[in-house]
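Overview (structure and organization)
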Amino acid sequence: MHTDKRKHLWRAVALMLTGLALLTISALLRGAPALAQGDEASSPAPFPGNPLPNDRDAFFAGSGVCASCPSQLTDAAEHDVSLDRYWRATMMANAAREAAAHPTGDERAPLAVVGFDTRFLSDRYAIAVSEVLAGNGLRVARARADAPTPAVSYAIPQMQAIGGVMITASHNPPSFNGFKLKAHYGGSAAPEECAGVEAWLDKRPVKATPLADAMKAGRIRIKDVRPAHYAAIKRLVDFKRIARSGLRFAHEALFGVGAGCFEELLAGTSCRVTTLNARHDAFFGGINPEPIEANYARSAAFLKQHPHDICLVTDGDADRVGGMDGRGNYLTTHQVICLLLHHLIVNRQLRGRVVKALNTTSMMDAICAAYGLEPVSYTHLTLPTNHSV
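Here we summarise the structure given alongside this text. Residue numbers run consecutively from 1 along every chain, following the written order of its sequence. Reporting of local features is limited, given that this is a predicted model, to residues whose pLDDT is at least 70; pairs of side-chain atoms are given and counted only at 80 or more, and all residues count toward the totals for whole chains, interfaces and linings. Excluded from the side-chain calculation are hydrogens and water; included are all heavy atoms of the structure.

1. Digging into the sheet that holds strand S8 (residues 248-252)
Taken together, 5 strands build an open sheet; the order of strands is S9-S8-S10-S11-S12 and the sheet is mixed. Two strands close off the open sheet at either side, each with one partner strand: strand S9 (272-276) and strand S12 (330-331). Of the strand pairs in this sheet, S8 and S9 are connected by 5 bridges, and their pairing is parallel. From the neighbouring strand, His 251 faces S9, where its bridge partner is Thr 275. One bridge is not enough; two strands pair if DSSP finds at least two bridges between them. Where helices and strands are cited, they refer to DSSP runs of H or I of at least four residues and of E of at least two residues respectively, numbered from the N terminus.

What follows is the structure, given as structure tokens:
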């Protein structure tokens, strides 16, 4: 797709996503729609009575918008939950339709990918996002079931989509939900694209196509995004060597969407996988699902009694990684990064520039110096418009 056209279409997608966080929650508080016939029955059902936060503010954070809602779903009728200013925030949808509309069922219509995690009402939220995108002239590939953010990100360039959205509040408190905007290359939308979304607040009325109608017309289709992502991961490593290693691997899922992924990845190998805190819990066991030492107490205690070779930790939407050694001793994210860098240099014999975040440990600089490599801050890089990851 021509670069200018791609950017134009992505901007149209971004515009229609603003405010959907609060729009959807507001609508769901009035009565969540049932799953349409033929929709995935495996999608997590709502959990009435789960607490929601008391404040009603939304905020943009990076490529996403996170939002909080009234205190109790079961008490919603007794609260003022209109959230009108957030509903009005989606009024830019018709402008997006004007920019990217195609005849219903037209296979040339731009494609967007929609994924969701295991958070409270995320599956219903994904339905609402998909309905709005479909109602504004786009085709939608909606994840078959909850999926890690990296799997959704990978699906976007893999399916040649112009962008997408991941329904998640990442590592934030259980009472939050929201979405992450994804560009055509699968990564986070650029700041100017997020600013473009904000600029269209209160501009147009909402336009949406009901799920059943959109699916019948082929506007919304269900896609299992995990298998292609697993296959890509296996190509990045010496998977045959891992498969025969007999590794005793532990995974602390922090009650998030990553639970079960390593069992699927390592199925049929000699590895033994133990997933800790894997159950679906909208409260995340009383923690914020963030890979930090304070959240490892239960799994660390388990590993001290039942040693493994290594334990990796993922956050709520499984796009951040922490770790422990096989006996429950904490590894910082910086240590994990340095171990990976050492592996790439020493075992994989890779050479070249090393891209690092500004807040990454200076240990990376020391490793680079030891092996004659140049560390480069990612803020100094320019991403080509035709780049895909």
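2. Here we look at the nonpolar core
Formed by 34 residues in total, the largest nonpolar core has its most connected members in Val 113, Val 114, Val 129, Ile 167 and Val 225. Contributions of two or more residues to this core are made by strand S3 (111-116), helix H5 (122-135), strand S4 (139-143), helix H6 (149-158), strand S5 (163-167), strand S6 (176-182), helix H7 (191-199) and helix H8 (211-216). Sorting elements by how many residues they give to this core places H5 first, with 6 residues. With residues near it in sequence (within four places) discarded, Val 113 still touches Ala 141, Val 152, Ala 155, Ile 156, Met 159, Ala 161, Gly 163, Gly 164 and Val 165. What makes a nonpolar core is a set of buried Ala, Val, Leu, Ile, Met, Phe, Trp, Tyr and Cys residues whose side-chain atoms join them at distances within 4.5 Å. Summary of the burial criterion: residues with accessible area below 20% of their type's maximum are buried, those above 50% are exposed, and those between are partly exposed, where the area comes from a 1.4 Å probe applied to protein chains only. Leu 254, Leu 303, Val 313 and Met 324 belong to the second-largest nonpolar core, a separate cluster that totals 11 residues. Here, two residues are considered to be in contact whenever any of their heavy atoms come within 4.5 Å of each other.

3. Details of the pattern of salt bridges
Any Lys or Arg side-chain nitrogen located within 4 Å of an Asp or Glu carboxyl oxygen qualifies as a salt bridge. Considering all chains together, one arrives at 12 salt bridges under this definition. One salt bridge connects Asp 224 with Arg 144, and the closest N-O pair in it is separated by 3.7 Å. Placement of Asp 224 in the loop between strand S7 (220-223) and helix H9 (226-236) and of Arg 144 in the loop between S4 and H6 is noted, with a sequence separation of 80 residues between them. For Arg 144, a relative accessible area of 41% puts it in the partly exposed group. Note that Arg 279 and Asp 281 form a salt bridge whose closest N and O atoms lie 3.6 Å from each other. With a relative accessible area of 14%, Asp 281 lands in the buried category. Overlapping salt bridges bring together Asp 146, Arg 226 and Glu 264 as one network.

4. Some thoughts on the packing of H6 against H9
Following both chains from N to C, one finds H6 and H9 inclined at 90 degrees, their axes separated by 9 Å at the closest point. With respect to H9, the element H6 is oriented roughly perpendicular. On H9, the residues touching Pro 150, Ala 151, Tyr 154 and Gln 158 of H6 are Ala 228, His 229, Ala 232 and Arg 235. Note on residue classes: Ala, Val, Leu, Ile, Met, Phe, Trp, Tyr, Cys and Pro are nonpolar, Asp, Glu, Lys and Arg are charged, and everything else, Gly too, is polar. Class assignment of the residues belonging to the contact of H6 with H9 gives a composition of 5 nonpolar, 2 polar and 1 charged. Note on geometry: axes are C-alpha line fits, over the in-contact stretch for helices, and angles between N-to-C directions span 0 to 180 degrees. Reported orientations rely on four angle classes, namely roughly parallel under 35 degrees, roughly antiparallel over 145, roughly perpendicular from 65 to 115, and oblique for the rest.

Any link to function would need more than the numbers given here.
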